[in-house]
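One-letter residues, chain by chain:
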Amino acid sequence: MIILLIDDDEDDRKLFFEATAEYDDTIKYIAAADAREALLYLKDAANVLPDFIFLDLRMPGLNGEQCLIEIKKDPRLAAIPVIIYTTSRDEKESARLKGLGAAHFMSKPVLPDDVYYMVSFVLGEKWN
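Residues numbered from 1 in each chain as written. Predicted model: local features only at pLDDT ≥ 70, side-chain atom pairs only at ≥ 80, totals over all residues. Heavy atoms only, no water.

Colleague: It is not clear to me how the sheet that holds strand β3 (residues 52–55) should be interpreted in this structure. Could you clarify?
Modeller: Sheet strands pair via backbone hydrogen bonds, and the direction of the pair is either parallel or antiparallel. Here we have 5 strands laid out as an open sheet, ordered β2-β1-β3-β4-β5, and parallel in their pairing. In this open sheet, the two strands that pair with only one neighbour each are β2 (28–32) and β5 (104–107). Between one strand axis and the next, the sheet turns through 20° on average, direction left out of account. Here strand β4 (residues 82–86) runs beside β5; their pairing, made up of 4 bridges, is parallel. From the neighbouring strand, I83 faces β5, where its bridge partner is H104. Against the sheet, helix α1 (residues 10–23) makes contact with β1 (2–6), β2, β3 and β4, and its axis sits at roughly 170° relative to β2, the strand it touches most. (Pairing = 2+ DSSP bridges. Helix = DSSP H or I, 4+ residues; strand = E, 2+ residues; numbered from the N terminus. Axes fitted to C-alpha atoms, helices over the stretch in contact; angles between N-to-C directions. Contact = heavy atoms within 4.5 Å.)

Colleague: Mind showing me how you'd approach the UniProt feature "domain: Response regulatory" (unreviewed entry) in the protein here?
Modeller: Within this structure's numbering, the places UniProt gives as "domain: Response regulatory" (unreviewed entry) are residues 2–123. Secondary structure across residues 2–123 comprises 43% helix and 19% strand; the distance between its end C-alpha atoms is 11 Å. (UniProt positions renumbered as here; feature names shortened; annotations may be inferred.)

Colleague: So what exactly am I meant to see when it comes to the environment of V82 here?
Modeller: Its location among the elements puts V82 in strand β4. Linking V82 and M106, residues 24 residues apart in sequence, is a C-alpha distance of 11 Å. Among residues more than four places away in sequence, those in contact with V82 are I53, L55, L68, I71, K72, A102, A103 and H104.

This is the structure in structure tokens:
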């Protein structure tokens, strides 16, 4: 399994990768520090496509919503589940982004255990 994390915050990327490695250490990760970097990777046919994309909304330059729109209008990328991974808790924003094709809208956890449970949920892990 391959996960692409698009997030401009290096600490958040590190926390995410550490927590997901605890969930499954066979997961391969691709990190992009912004939406433009991610789209360049995704649109390069020589690159392996991820199974899931976790996308931050609040990034400088091209924001997460614009990135989501670009991903969903590309037939090669449209079927990849995009999970909005953000500090926002705005329900209207969540509904709008789901309407644009986001699979889930999740607020960024602060604690590693919370990231673990979020990833477990998204990837289908059964936990008590």
